[in-house]
There are 8 protein chains.
Amino acid sequence: MNLDEARQLLQNIKNGSMSIEAGIKELEDLPFKDLGYANIDNHREIRVGYPEVIYCDGKTPEQIRGIVQFMLTKGNNILGTRASEEAYDAVKEICPEAMYDKLARVITIKKKDMEVSESYIAVVTAGTSDIKVAEEAAQTAEIFGNKVERIYDVGVAGIHRLFGRLDLIRGAKVVIVAAGMEGALASVVGGLVDKPVIAVPTSIGYGASFGGMSALLTMLNSCASGITVVNIDNGFGAGYAASMINKL
Amino acid sequence: MNLDEARQLLQNIKNGSMSIEAGIKELEDLPFKDLGYANIDNHREIRVGYPEVIYCDGKTPEQIRGIVQFMLTKGNNILGTRASEEAYDAVKEICPEAMYDKLARVITIKKKDMEVSESYIAVVTAGTSDIKVAEEAAQTAEIFGNKVERIYDVGVAGIHRLFGRLDLIRGAKVVIVAAGMEGALASVVGGLVDKPVIAVPTSIGYGASFGGMSALLTMLNSCASGITVVNIDNGFGAGYAASMINKL
Amino acid sequence: MNLDEARQLLQNIKNGSMSIEAGIKELEDLPFKDLGYANIDNHREIRVGYPEVIYCDGKTPEQIRGIVQFMLTKGNNILGTRASEEAYDAVKEICPEAMYDKLARVITIKKKDMEVSESYIAVVTAGTSDIKVAEEAAQTAEIFGNKVERIYDVGVAGIHRLFGRLDLIRGAKVVIVAAGMEGALASVVGGLVDKPVIAVPTSIGYGASFGGMSALLTMLNSCASGITVVNIDNGFGAGYAASMINKL
Amino acid sequence: MNLDEARQLLQNIKNGSMSIEAGIKELEDLPFKDLGYANIDNHREIRVGYPEVIYCDGKTPEQIRGIVQFMLTKGNNILGTRASEEAYDAVKEICPEAMYDKLARVITIKKKDMEVSESYIAVVTAGTSDIKVAEEAAQTAEIFGNKVERIYDVGVAGIHRLFGRLDLIRGAKVVIVAAGMEGALASVVGGLVDKPVIAVPTSIGYGASFGGMSALLTMLNSCASGITVVNIDNGFGAGYAASMINKL
Amino acid sequence: MNLDEARQLLQNIKNGSMSIEAGIKELEDLPFKDLGYANIDNHREIRVGYPEVIYCDGKTPEQIRGIVQFMLTKGNNILGTRASEEAYDAVKEICPEAMYDKLARVITIKKKDMEVSESYIAVVTAGTSDIKVAEEAAQTAEIFGNKVERIYDVGVAGIHRLFGRLDLIRGAKVVIVAAGMEGALASVVGGLVDKPVIAVPTSIGYGASFGGMSALLTMLNSCASGITVVNIDNGFGAGYAASMINKL
Amino acid sequence: MNLDEARQLLQNIKNGSMSIEAGIKELEDLPFKDLGYANIDNHREIRVGYPEVIYCDGKTPEQIRGIVQFMLTKGNNILGTRASEEAYDAVKEICPEAMYDKLARVITIKKKDMEVSESYIAVVTAGTSDIKVAEEAAQTAEIFGNKVERIYDVGVAGIHRLFGRLDLIRGAKVVIVAAGMEGALASVVGGLVDKPVIAVPTSIGYGASFGGMSALLTMLNSCASGITVVNIDNGFGAGYAASMINKL
Amino acid sequence: MNLDEARQLLQNIKNGSMSIEAGIKELEDLPFKDLGYANIDNHREIRVGYPEVIYCDGKTPEQIRGIVQFMLTKGNNILGTRASEEAYDAVKEICPEAMYDKLARVITIKKKDMEVSESYIAVVTAGTSDIKVAEEAAQTAEIFGNKVERIYDVGVAGIHRLFGRLDLIRGAKVVIVAAGMEGALASVVGGLVDKPVIAVPTSIGYGASFGGMSALLTMLNSCASGITVVNIDNGFGAGYAASMINKL
Amino acid sequence: MNLDEARQLLQNIKNGSMSIEAGIKELEDLPFKDLGYANIDNHREIRVGYPEVIYCDGKTPEQIRGIVQFMLTKGNNILGTRASEEAYDAVKEICPEAMYDKLARVITIKKKDMEVSESYIAVVTAGTSDIKVAEEAAQTAEIFGNKVERIYDVGVAGIHRLFGRLDLIRGAKVVIVAAGMEGALASVVGGLVDKPVIAVPTSIGYGASFGGMSALLTMLNSCASGITVVNIDNGFGAGYAASMINKL
């Protein structure tokens, strides 16, 4: 509610075209709207077609089903990340068209078609084991209405594989690189493209990889400029941030 | 060199309009040109007006002066980060118009005017001690041709300060948040704006802040979506990445 | 036994109103009583109606049942934390009125009514996954005789949820904030209320949250004054400390 | 502004006793006033006699002098923590009555007398080297209007020293324990008193004390209930939190 | 293609002995061939008899079977590391001659005989629990065509066991030492032999061995010269590197 | 073989009282005998009645049974630490008199009676959960022929429990203290007794106890003199070292 | 005061041979005397000839001089560890016979002769850089009345140096091993001697030695039994514990 | 001394061609010679022309001069690593031909010419700041008689620089890669060459590079096979190991 709308409201109260109780109802929402939260809501939750997101890890299948049930009433697309098969089974009971990607552990419910971006996001992985994180990123980006190109298994141990796909990577508006072990691919890609690169360390590796710590440090310390980093295995975060950038 | 150009070359050899030695010379460069490295060069180093960057830390004043001397021959703007006053003194001997910002520890040499972006980057800090990192980010962004708005000292200990500047932050195309200690500001800003947020942990703090580690972990684990992170105190990296995004 | 009581004892011995063996018996207990341990006992274990606490983790169901059996003879209320369902089953065999909260993993046995405080403790969580820790805190506080108000799922990713409940939080005498991931909520609450805030980092999160380490560091480094911290997931400790403060 | 007040406002608009522009003005201020930020201000910054706090570390003497100069206009008491002698010299130029404690590195400026609490805060240290942190806590508490009792050098290596002072510690409303090395004193005190204990790990120690990490972990993992912890060497935080509790 | 070959190509084009399209075809492959990737391919993948390697961890049995099926078409020997029994079962379905070592978790498929080196690699372990890592190293080296001598269970707790086998260790061209716990054996061997020593920390141990971290640090900090280190439990890496050295 | 014995040997060769081959035989053993390894053997493995020790963790039941079978031929007592019930079952098949302590996870086989020391080792624990580690220490000490006194559950949270048992602790020749969580008991005991104290951190605890790390650091940084530390949960090591000291 | 003495006291009161006030006086002292603190005092501080110890680090020269002045009145020997030359200068002003060892950073004041033990403590170092820590241990042991044998620079990089001194090491009643870098010497010595070994990790090293962390972990994880460990660089602690053991 | 030689010795004693005392003298040396230590000595210290190595860090200039003085008597080449200028000045006093490399902090004294290897070691760095570590490696290798090729400043941020020097790298018998920051260069080189690669993490970097920890983890976790790692900044170790391999 901007000042003009507020002025109109008071005018309506004054001239009797709105009852005091109706006015109260409007004002009740004010603390949120005036602080611009409605703005967020518009962007994030209310605007038709925009997905609702549930982080499923640590929630019971029943809780997830309950949240989905509530969200379905709003008519938006729904994305559930870190979802187990049990969670999916619970969701399918109330929403048979729900889809589940076992690898990415992602539940998607498409209630509306979204306009898809012309520019695309390149999602690149070092190895095949990084794909599950990459898919979380890719599918997040897709349900947010982005075109995605997948370039998988092009790690630096065989760097020629990367060069063979370089044109496709360079054509993207923003690049996501998911890599575990030593995570060097992010630096190499960062040195070869002139677009924002979002690096996702994955927990792939063993020994002194410390559950992704090694790749995380590699990416934070990258000598290539323009690389930013998200949490270990945080495909969703990378996909979300890339979507924001791709839509600028 | 694309295939058509290669075909033309062979044609020229065949019809004698190009000597074999001239052809050899062209082919010699092939590995670089075909892989598009010249492309990178175009973007990063050769294009007129684009700044050259020197990471001064760990280099002697003499080395830095030498690198600047070489760069001056190309006629581009120059940015030196993590520069000591001694480094600046050495540079000023050969380039009197060089500027130095003591706080950000940045040397800038403007040889050409750059077109400045219409959209702007918001650079936000939690405290006054974070400003030195923020300035490295801001001045990096500026010499790369971006308009920058500074919103300093709006940390969560007095969150009303942040709300008072929220409109300016929301108007940006991309937001940089620099914060030390517990780094919570990044999450709060990330929850309030709908633009890409680049978080820079700073080494400000003591005790269990472990030289920025605390803020870094905070930012990586942020519950707000769309936040990406750069290395501790890496103002340059944040400014560079923000510039890339702002220019999309 | 204070000096007056000691003097009386000796007087009684001297005038024969107390036998030497009865005097010996009194003196035998002295080391403890004089050091005030009985005082502690009074406060912690003996005073009627005050709960006895069992930390169940790492004890077998049989051991826990045995401890409960002994405690029941004293007639006090009993609190068992970190209790498995197996432990509860073992306890129920000898004490059918024992209650179990599956989420908080807490066994409670109410043998006496406790006077409930007028002032209340606010227990706040960032997300729904933090509730299990928060409930351990809340139920600990309750069985110690405190009134508790729960304000759950008001994390900084959607900060308007917090502002909507701020009055309730501010009305408390002491506030517990349980948060995982980056734990920023503690700082934000600390900046908005003027009461002691006890922060409980939870192990909710993944990747670089390192089992609660990230939230712990955030809370220790909080830029907001007046925050103190307990161990990761230590709902009991937070509830106990809050109870102490609330009863001042 | 609660709903009743809002209803009254609309009533006033409707019956003409308030002009629409006056109503607009009321609504404009709503976000801040209703959220109670002025309340915070009252408590933290505006209320006469309450101290203003400057964290001096990382600020230049000039900056600190400037902040003090501004604060002096408000007429409140001022506390500067982590202040160097240089900072103090700069402050003394504009405020000759400023006091400096070299050990605690604290600048205090008393412009008004504060009412001192009847109940007291006990500040306990394990060794003499912990005193500097303890003094930051004690002096913080004092300038906030609390009575403080100091019990120094009573670490567990000679536990009888502690027992000799136990009555004084037990008489406090809240206890601060500062200890470095292994920090065991906090647990022992926590097991002996029935009041809130705020533990401050200090960076005293060497080798595997890791700059206070050892004492911090000890205190977080304390087997004694009711202990909460602040950051390493954070005497100010302990003093501030203790003050809040002491004034309940 | 070296410059002489390039010159010949142009000559052939010029004199018509090669058609332009045939020349184009040659040049098309240039980026890869000239950069020597084919060289790598020759060495690593294409050269007859050289083993193909699959890192099985994190891949499903189906995926592994699929990769093996593809590799079998090339006729090379195949090595699968970190393979579960399930993976082996899947592989055996399509390749009955596949062998599996349960301890080393290694699948080997020998399609061709390899020439075995005359010089040998000594594989030494501190304890019997380190043998599984040592066997991964030894079997990797063997399938790459190296002669291997095993010297197991000669840790420093009973150093005479080591001296009894010293001649065999000293006769090797390169020595692999696998040790967990404190990993001191690597230093002792490094001080006694004059050959390259590759140290493999193993995750054997408990408590402060931190999953091999202790042995890793020991080996990195070894006071004996000439020791290099691979990742924790990385028997394959040690075997591979030793093979490279043994074949020089 | 000292120089006198060597001189005698040569004399014997010279005067023909020893054949050259007999002399060779003596010299053959020299490297081991002269270095005193037999000495170790005498002490550790060969001396009648001294126990043989098997660290069972990471060995299969079959391997353990095999080792026991071999050891039985020597007729010594046998101690198996970190033994699972499966391991015990395997051992019992070939040695029905083998005993198993489920809590300490220790297998003991007594083939001979050992002389028991007059002085005793005190084994002290902070909580009941530390008993399993303490029992490994105590039973190790006992099978090595030491008298052991157990003082369990006397942690600092209720320090009067410790004082009530102090005489028994002080009567020991060497004291073992096993404590988890913050491990403060070791410092308190170290400050109260004048005997060597061996501290065993246990992995009991949660959150920031980091699997015993917290207690380990506490013990290493103890302000009480005369404390030495073994690895986390290393009851065997503590029992072994205490046995060595007790037998001096 | 034991029970018999208490009974006697009451008897005396009863029969009038002791006045009530004299009885009170006896009872007043009870808490300390009965708990045996005087016992500690006897052992640690009061007994003639036993050294007093000052940990000088973190104390000003003036503070140290003051403490020494007080201690001199008791007539005991004095040991100051971690003492700077400035501290020594301050001490010398009031005690000209004070000695200072620059390497060990130890001040010693001998006021009385101590009886020296017959058995000796062997102090062993891996390198020459570890000697400063070893000397702190050795000189601590000496001023406590122990005979010490120094065996320096016998690290495992040239293990024959160790074997050449083995007899001297084996003749000791207790062995101290100081080693930095990877600290393997402790394990090797532990495997060769049958006496208690106290390992002191030193901070000698660089890179991943992490200020002694590497050696510390090595020693804690030692595969040789009977090794106990003190804090990094804690020569005093090792010397003190060894003295306790040597005097058993 | 092998058995045949021993038999000969006894024969000589028997037939009187050797006196008993001469025989004793031979046997005296046996423990060392028979264990082959003389062998080590031959290789490491005695063989003419082989360099002696002094690790200067932590030694005083006087100590270093003393060690050099002793070594000069043997007539070998001498290498001093981690040497300060003060150390060099002290050495030059007694050995004017000593050379000092300020960058590598290496003192070299050439008393004899060494045969230089035909094959060469490639020493590669990511940045210019890594050169000081690389030079320690290169100069170590050179004084051990190896030919060295330097390929500096070819990090992955501008990967074309690396490709331009690839032939030179591939021609080496063994490759050393020194890199700080994220250390990705080691993986890239490891993927491109088929020779042993020794990776040296350098402490170059800031923030979360943790003094070389980031590069160290990167290299340990490298996805490219055949890479082994030495300690952070350990140029000497890399040079020494490479020399061993190059001379095979």
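Residues numbered from 1 in each chain as written. Chains lettered and ligands numbered in written order. Predicted model: local features only at pLDDT ≥ 70, side-chain atom pairs only at ≥ 80, totals over all residues. Heavy atoms only, no water.

A. Quick peek at the overall build of chain A. Within chain A, the secondary structure is distributed over twelve helices and nine strands. Out of the 248 residues belonging to chain A, those deemed buried represent 62%. For chain A, the share of sequence-separated contacts (at least 6 apart) that also reach a separation of at least 24 residues comes to 68%. (Helix = DSSP H or I, 4+ residues; strand = E, 2+ residues; numbered from the N terminus. Buried < 20%, exposed > 50% of the residue type's maximum accessible area, 1.4 Å probe, protein only. Contact = heavy atoms within 4.5 Å.)

B. How the structure looks around the interface of chain D and chain C. Listed as interface residues are 36 residues of chain D and, on the opposing side, 36 residues of chain C. When the two sides are added together, the surface that chain D and chain C hide from each other amounts to roughly 3,000 Å², 61% of it contributed by carbon and sulfur. Remark: the boundary between chain D and chain C carries zero salt bridges. Here chain D and chain C share four residue pairs in polar contact (both at pLDDT 80 or more) between them. Looking at the side of chain D that touches chain C, the elements with two or more residues in it are α4 (37-46), α9 (166-170), α10 (185-192), α11 (213-220), β9 (227-229) and α12 (235-246) of chain D. Per-class residue counts for the side of chain D that touches chain C are 21 nonpolar, ten polar and five charged. (Buried area = accessible area lost by both parts, 1.4 Å probe. Salt bridge = Lys/Arg side-chain N within 4 Å of Asp/Glu carboxyl O. Polar contact = N/O pair within 3.5 Å; in protein donor to acceptor, adjacent residues only side chain to side chain. Nonpolar A, V, L, I, M, F, W, Y, C, P; charged D, E, K, R; others polar.)

C. Highlighting the interface of chain H and chain A. Residue-level contacts link 23 residues of chain H with 23 residues of chain A. Summing both sides of the interface, chain H and chain A together bury roughly 1,900 Å²; the carbon and sulfur share of this comes to 70%. In this assembly, chain H and chain A are joined by zero salt bridges. Counting across the chain H and chain A interface gives 13 residue pairs in polar contact (both at pLDDT 80 or more). Of all the elements in the fold, those that place two or more residues in the side of chain H that touches chain A are α10 (185-192) and α11 (213-220) of chain H. Split by residue class, the side of chain H that touches chain A holds 15 nonpolar, seven polar and one charged.

D. Just the packing of helix α7 (residues 131-143) of chain E against helix α12 (residues 235-246) of chain E, in detail. Residues and elements named next belong to chain E. Viewed as axis vectors pointing N to C, α7 and α12 meet at an angle of 35 degrees, and their least axial separation amounts to 7 Å. With respect to the hand of their crossing, α7 and α12 are arranged in right-handed fashion. Residue-level inspection shows Val 133, Glu 136, Ala 137, Thr 140 and Ala 141 of α7 in contact with α12, the latter providing Gly 235, Phe 236, Ala 238, Gly 239 and Tyr 240. Looking at the contact of α7 with α12, its residues break down into six nonpolar, three polar and one charged. (Axes fitted to C-alpha atoms, helices over the stretch in contact; angles between N-to-C directions. Left-handed = near helix turned anticlockwise from the far one by under 90°.)

E. Representation of the relation of the copies chain D and chain C within the structure. Take chain D, turn it by 176 degrees, move it 0.6 Å along the axis, and it overlays chain C with an RMSD of 1.6 Å. Taken together, the rotation and translation describe the operation of a two-fold axis. A share of 100% of the interface residues of chain D reappears at the interface of chain C, consistent with the copies meeting face to face through the same patch. (Least-squares fit on C-alpha atoms with pLDDT ≥ 70 in both.)

F. Highlighting the sheet that holds strand β3 (residues 99-101) of chain C. Residue and element names in this part refer to chain C. Spatially, the four strands line up as an open sheet ordered β1-β2-β4-β3, and their pairing is mixed. The open sheet is flanked by β1 (52-55) and β3, the only strands paired with a single partner. Ignoring which end each strand starts from, the neighbouring axes of this sheet average 15 degrees apart. Bridge count for strand β2 (residues 78-81) against strand β4 (residues 106-109) is three bridges, and the pairing is antiparallel. Bridge assignment links Gly 80 to a residue of β4, and that residue is Ile 107. (Pairing = 2+ DSSP bridges.)

G. Expanded view of the packing of helix α5 (residues 61-72) of chain H against helix α6 (residues 85-94) of chain H. All names here are of chain H. Two elements in contact, α5 and α6, have axes whose closest approach is 8 Å; the angle formed by their N-to-C orientations is 40 degrees. The orientation of α5 with respect to α6, classified from their angle, is oblique. Crossing of α5 over α6 shows right-handed handedness. For the pair formed by α5 and α6, the contact residues are Pro 61, Ile 64, Arg 65, Val 68, Gln 69 and Leu 72 on the first element and Glu 86, Ala 87, Ala 90, Val 91, Glu 93 and Ile 94 on the second. Its residues assigned to classes, the contact of α5 with α6 shows eight nonpolar, one polar and three charged. (Parallel < 35°, antiparallel > 145°, perpendicular 65-115°, else oblique.)

H. Layout of the UniProt feature "domain: PurE" (unreviewed entry) in chain A. Under the feature "domain: PurE" (unreviewed entry), the UniProt entry names residues 119-248 of chain A. Between the end C-alpha atoms of residues 119-248 of chain A the distance is 10 Å, and the span holds 38% helix and 19% strand. (UniProt positions renumbered as here; feature names shortened; annotations may be inferred.)

I. Inspection of the side chain of Thr 228 of chain F at higher detail. Mapped onto the elements of the fold, Thr 228 of chain F is located in strand β9 (residues 227-229). For Thr 228 of chain F, the side chain forms a polar contact with the side chain of Thr 228 of chain G, separated by 3.0 Å. Discounting chain neighbours no more than four positions away, the residues touching Thr 228 of chain F are Val 197, Ile 198 and Ala 199 of chain F together with Ile 198, Thr 228, Val 229, Val 230 and Ala 241 of chain G.

J. Quick look at the sheet that holds strand β1 (residues 52-55) of chain A. Residues and elements named next belong to chain A. The four strands are arranged β1-β2-β4-β3 in an open sheet whose pairing can be described as mixed. Single-partner strands in this sheet number two, and they are β1 and β3 (99-101). With strand direction ignored, the average angle separating the axes of adjacent strands in the sheet is 15 degrees.

K. Representation of the domain arrangement of chain A in the model. Residues and elements named next belong to chain A. By domain assignment, chain A separates into domain 1 (31-109) and domain 2 (120-246). Computed over C-alpha atoms, the centres of domain 1 and domain 2 are 25 Å apart. Facing the 15 residues of domain 1 at the interface are 14 residues of domain 2. Contact between domain 1 and domain 2 buries roughly 1,100 Å² in total, counting both sides, with carbon and sulfur atoms accounting for 64%. Of all residues in domain 1, Arg 82, Leu 103 and Ala 104 give up the largest surface area on contact with domain 2, accounting jointly for 35% of the area buried on that side. Linking domain 1 with domain 2 are one salt bridge. When the shortest N-O distance is used, the salt bridge between Glu 136 and Arg 82 registers 3.2 Å. For the pair domain 1 and domain 2, the interface holds three residue pairs in polar contact (both at pLDDT 80 or more). For the side of domain 1 that touches domain 2, the elements supplying multiple residues, two or more each, are β2 (78-81) and β4 (106-109). (Domains from an automatic or database assignment.)

L. The packing of aromatic side chains, seen in detail. Overall, the coordinates contain 36 aromatic pairs over all chains when judged by the stated rule. Residues Tyr 88 of chain B and Tyr 100 of chain B carry aromatic rings whose centres are separated by 5.0 Å and whose planes lie at 15 degrees to one another, so their mutual orientation is stacked. In this pair, Tyr 88 of chain B is assigned in helix α6 (residues 85-94) and Tyr 100 of chain B in strand β3 (residues 99-101), connecting sequence segments twelve residues apart. Taking relative accessible area as the criterion, Tyr 88 of chain B reaches 13% and is therefore assigned buried. Geometrically, the ring pair formed by Phe 163 of chain E and Phe 163 of chain G is edge-to-face, given 5.4 Å between the ring centres and 80 degrees between the ring planes. With Phe 163 of chain E in helix α8 (residues 160-164) and Phe 163 of chain G in helix α8 (residues 160-164), the pair connects residues from two separate chains. For Phe 163 of chain E, a relative accessible area of 8% translates into the label buried. Among the aromatic residues, ring-to-ring pairing joins Phe 144, Phe 236 and Tyr 240 of chain A into one connected group. Seen from the ring of Tyr 206 of chain A, Arg 82 of chain E lies directly overhead, with NZ or CZ sitting 4.1 Å from the centre. (Phe/Tyr/Trp six-rings, centres within 6.5 Å; stacked < 30°, edge-to-face > 60°. Lys NZ or Arg CZ within 6 Å of the ring centre and 35° of its normal.)

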